[in-house]
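Now for the letters of each chain:
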Amino acid sequence: AMSSAVASECAAELGGDDAFWAVADLLFAEGAVPANYAGYAEQAGIDASDFDECITSGKYEADVQAEMDAGSANGVRGTPGTFVYNRETKKAQYLSGARGFADFKAAIDALK
């Protein structure tokens with residue numbers, strides 16, 4: 001997860017939101033294989049050497065680790081993890097894993 005998150009951050013830095021989502025989509029579709037990351041970056045229109053330099057610099061590792069730690073501290077145990085939040089009541093419910101419409105509807109209804 002760490003290497004994929006760092007790769008996504010580098011994609012966003014070097015290519016903006018569109019590149020971020022293109023790399024994220026490739027990570028999910030093709031697999032989170034670090035040896036393939038530079039190719040994913042190129043497919044997203046990012047220079048592979050700039051991308052590799054960003055990843056090897058380690059500049060996003062502390063931020064990604066902090067986000068992972070915060071998620072763990074709040075009960076997140078896997079990907080995807082989704083919090084459903086009611087801004088009016090300030091109640092929240094965590095849904096672990098991939099869920100269907102019925103689960104989200106039940107969570108939303110429970111927070112009313």
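Since this is a predicted model, take the numbers as computed values, not measurements.

(A) The arrangement of the nonpolar core in detail. Grouped together as the largest cluster of nonpolar side chains are 16 residues, with contacts concentrated most on Cys-10, Ala-11, Leu-27, Tyr-37, Tyr-40, Ile-46 and Phe-51. For this core, the elements supplying multiple residues, two or more each, are α1 (2–30), α2 (37–43) and α3 (48–57). Looking at which element gives the most residues to this core, the answer is α1, with eight residues. Other than its neighbours up to four places away in sequence, Leu-27 contacts Ser-4, Ser-8, Ala-32, Tyr-37 and Tyr-40.

(B) Main features of the layout of surface pockets. Taken as a whole, the largest pocket holds about 840 Å³ of empty space. Along the walls of the largest pocket sit 23 residues, with Ala-1, Ala-5, Met-68, Gly-78 and Thr-79 positioned nearest its centre. If you tally residues by element for the lining of the largest pocket, the top one is α1, at nine residues. In the lining of the largest pocket, the residues fall into twelve nonpolar, seven polar and four charged.

(C) Molecular detail of the packing of aromatic side chains. The final tally for this structure, using the stated rule, is three aromatic pairs. An angle of 85° between the planes, with centres 4.8 Å apart, marks the rings of Phe-20 and Trp-21 as edge-to-face. Note on Phe-20: relative accessible area 22%, which makes it partly exposed. Taking relative accessible area as the criterion, Trp-21 reaches 53% and is therefore assigned exposed.

(D) Local environment of unusual backbone geometry. In this structure, Lys-90 takes a positive phi of about 65° despite not being glycine. Its location among the elements puts Lys-90 in the loop between β1 (81–85) and β2 (92–96). Using a relative accessible area of 56% as the deciding quantity, one classes Lys-90 as exposed.

What counts and what doesn't
Counting starts from 1 at the beginning of each chain's written sequence and moves along it residue by residue. In keeping with the predicted nature of the model, local features appear solely for residues at pLDDT of at least 70, side-chain atom pairs appear and are counted solely at 80 or more, and the whole-chain, interface and lining totals rest on all residues. In computing side-chain properties, one takes all heavy atoms of the structure into account and sets aside hydrogens as well as water. The criterion is simple. A nonpolar core is a set of buried Ala, Val, Leu, Ile, Met, Phe, Trp, Tyr and Cys residues joined through side-chain atoms within 4.5 Å. Relative accessibility decides the category of a residue: with a 1.4 Å probe and only protein chains considered, values under 20% of the type maximum give buried, values over 50% give exposed, and everything between is partly exposed. For the purposes of this entry, the term helix denotes a DSSP run of H or I that reaches at least four residues, the term strand denotes a run of E that reaches at least two, and both are numbered from the N terminus. Throughout, a contact is declared for two residues whenever any of their heavy atoms are within 4.5 Å. A cavity here means a set of points on a 1 Å grid, drawn over the protein atoms and nothing else, where a 1.4 Å probe fits but cannot get out; a pocket is an open set with protein on both sides within 12 Å along at least five of seven lines, and a residue lines either one if it has an atom within 4 Å of a point. Grid points are joined across faces, edges and corners, and a volume is the space filled by probe spheres set on the points. Classes in brief: Ala, Val, Leu, Ile, Met, Phe, Trp, Tyr, Cys and Pro nonpolar; Asp, Glu, Lys and Arg charged; the others, Gly included, polar. Pairs were defined over the aromatic rings of Phe, Tyr and Trp, the Trp ring being its six-membered one, requiring ring centres within 6.5 Å. Orientation was assigned from the angle between planes: stacked under 30 degrees, edge-to-face over 60, tilted for the rest.

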